[in-house]
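# Chains, contacts and geometry: an overview
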Amino acid sequence: MANTIDIYTPRCLAEVVRTVPPVRTFFRDTFFTNRRTFVSERIDIDIVKGNRKMAAFISPVIGGKPSKRDGYRTASYKPPLVSDSILTTADSLLKRLPGEDPYSGKTPADRAAQKLVEEYSSLNDSVTRREEWMAAQAIIEGQIHVVGNGVDEVIDFGLTNKVNVTSTKQWGKAEADPLNDLNTWVRKIFKEGFANADMAIMGEKALDLFINDAKVQKLLDNRRMEIGGVDPRDLPNGARYIGHLTTPNIDIYEYAEVFTDDWTDPSNPTTKALVPENKVIVIPSASNFAMNYGAVTYLDENENWVTSETDRVLRKYIQRNPDRKTLEVLANPLPVPDKADSWLVATVC
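In short, a report on the structure. Not measured: the values here are computed from a predicted model. (Residues numbered from 1 in each chain as written. Predicted model: local features only at pLDDT ≥ 70, side-chain atom pairs only at ≥ 80, totals over all residues. Heavy atoms only, no water.)

Across its full length, the chain holds 6 helices and 21 strands. Out of the 349 residues belonging to the chain, those deemed buried represent 36%. For the chain, the share of sequence-separated contacts (at least 6 apart) that also reach a separation of at least 24 residues comes to 68%. Here the chain displays about 21,400 Å² of accessible surface, and carbon together with sulfur accounts for 50% of that area. (Helix = DSSP H or I, 4+ residues; strand = E, 2+ residues; numbered from the N terminus. Buried < 20%, exposed > 50% of the residue type's maximum accessible area, 1.4 Å probe, protein only. Contact = heavy atoms within 4.5 Å. Areas by Shrake-Rupley, 256 points an atom, 1.4 Å probe, with all protein chains shown as cover.)

Here it is as structure tokens:
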């Protein structure tokens, strides 16, 4: 039976139901706060790690010896090209848009202007999600695996602070001691990374095991000593604040954001947790890592090469026979955790 509409019966469009997942940027906006753009293809960073050497006691007659200069190493990175595009044809502008009154009288040009705003927002969100995924990978894995059509490379930041809790000391097992583990890791970061870690971001399973651990439960229930407390609440950037521990002095968070992995097995896209369920990240909240954007080079409408120093480039181009317009966003983002050993990632279960 044909899908017909009786034009003589009064009709009312009640609402537009849009199911669009929000864009979460907890990792990018919390830790990679030093945003920089470059006009070059590659980004070089000089990394200097100091020490705790103190000035010597010397005789006013003999004098002292000059200190050796601290060395440094230069890390060179090439930000990967990130892009997304949307194709618009004449057919899509002849039909009413979601939420449009069937008798609005809108022309295809009116719809094109409205779609342009919506499409740019969609493309921008797509790049932002990729930036958040890259920021999470840089911290959790210490590297970013860039996989795409004709691209397969690893950007490695040399993360050394990785801990694997094994055997019966795994969280949830007989000899587990999560509070002692957190204390040990905070001290390790202070000694080796010269930083005060005040955040612990836990995967789903790790958090459940931590909260239900008998030792943790006993200490939290001890009313004669302020050990900490559990006070869950959702935060605007997608994370969930769980509570605070005074020993060690850290806040506990859960970040349940997920992403679609469509590159490991393109025929079977899967949904994965951004923070693996068995991981714990101990990190300073004031990390001030670098969010870098390399220059974007492209052909403009006059077929001239243009290099733009920015975090996004939005462009459109026209193709004929049949007529169609492509709206495209280009970016060269690269989050770089440039403070060695200032955070730690543990596999706890």
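Another aspect to go through is the pairing of strand β21 (residues 344–347). Judged by which residues are buried, β21 turns out to be covered on both faces: L344 and A346 on one side and V345 and T347 on the other are all buried. Pairing of strand β14 (residues 279–283) with β21 involves 4 bridges; the strand directions are antiparallel. Paired with V280 across the bridge in β21 is A346. (Pairing = 2+ DSSP bridges.)

One pass over the structure, following the stated rule, counts 10 salt bridges. Between R28 and E131 there is a salt bridge, and its shortest N-O distance comes to 2.6 Å. Of the two residues, R28 sits in helix α1 (residues 26–31) while E131 sits in helix α3 (residues 108–140), which places them 103 residues apart along the sequence. Neither R28 nor E131 differs from the other in exposure class; each is buried. Salt-bridge contacts for D311 lead to R35; the nearest nitrogen and oxygen are separated by 3.5 Å. Separated by 276 residues along the polypeptide, D311 in the loop between β17 (305–308) and β18 (313–319) and R35 in strand β1 (residues 34–37) bring together distant segments of the chain. Assessed through its relative accessible area of 27%, D311 is described here as partly exposed. For R35, a relative accessible area of 41% translates into the label partly exposed. Among the charged side chains, a network of salt bridges with common partners joins R28, D29, E131 and R312. (Salt bridge = Lys/Arg side-chain N within 4 Å of Asp/Glu carboxyl O.)

Our next topic: the layout of surface pockets. Any space left empty among the atoms is revealed by the rolling of a water-sized probe across them. The computed volume of the largest pocket comes to approximately 1,300 Å³. Around the largest pocket, the lining comprises 44 residues; the ones closest to its centre are L81, V82, S83, R130 and V147. Looking at the lining of the largest pocket, the elements that each hand over two or more residues are β4 (82–89), α3, β5 (143–148), β6 (151–156), β12 (258–261), β16 (296–299) and β19 (324–331). Looking at the lining of the largest pocket element by element, the count peaks at 7 residues for α3. Looking at the lining of the largest pocket residue by residue, the classes come out as 21 nonpolar, 11 polar and 12 charged. (1 Å grid on protein atoms, 1.4 Å probe; cavity = no way out; pocket = protein on both sides within 12 Å on 5 of 7 lines; lining within 4 Å. Points joined across faces, edges and corners; volume = space filled by probe spheres on them. Nonpolar A, V, L, I, M, F, W, Y, C, P; charged D, E, K, R; others polar.)

This next bit is on the pairing of strand β10 (residues 240–245). In the sheet, β10 pairs with strand β11 (residues 250–254) via 5 bridges, with the strands oriented antiparallel. For Y241, the partnering residue across the bridge sits in β11 and is Y253. Here β10 hands over to β11 after 4 residues, the two strands then running antiparallel side by side.

Going through the model one piece at a time under the given rule, you end up with 14 aromatic pairs. Through a chain of ring-to-ring contacts, three or more aromatic side chains come together here, namely F26, F27, F31, Y241, Y253 and Y255. Between the NZ or CZ atom of R130 and the centre of the ring of W133, over which it lies, the distance is 5.0 Å. (Phe/Tyr/Trp six-rings, centres within 6.5 Å; stacked < 30°, edge-to-face > 60°. Lys NZ or Arg CZ within 6 Å of the ring centre and 35° of its normal.)

As for its position among the elements, A135 is in helix α3. Here the alpha-carbon distance between A135 and D29, two residues 106 residues apart in the chain, equals 9.3 Å.

All right, on to the side chain of T30 then. Structurally, T30 can be placed in helix α1. By relative accessible area, which is 17% here, T30 ends up buried. From its side chain, T30 meets the backbone oxygen of F26 in a polar contact 2.6 Å long. In this view, T30 contacts T25, N237 and S285; residues no more than four positions away in its chain are not counted. (Polar contact = N/O pair within 3.5 Å; in protein donor to acceptor, adjacent residues only side chain to side chain.)

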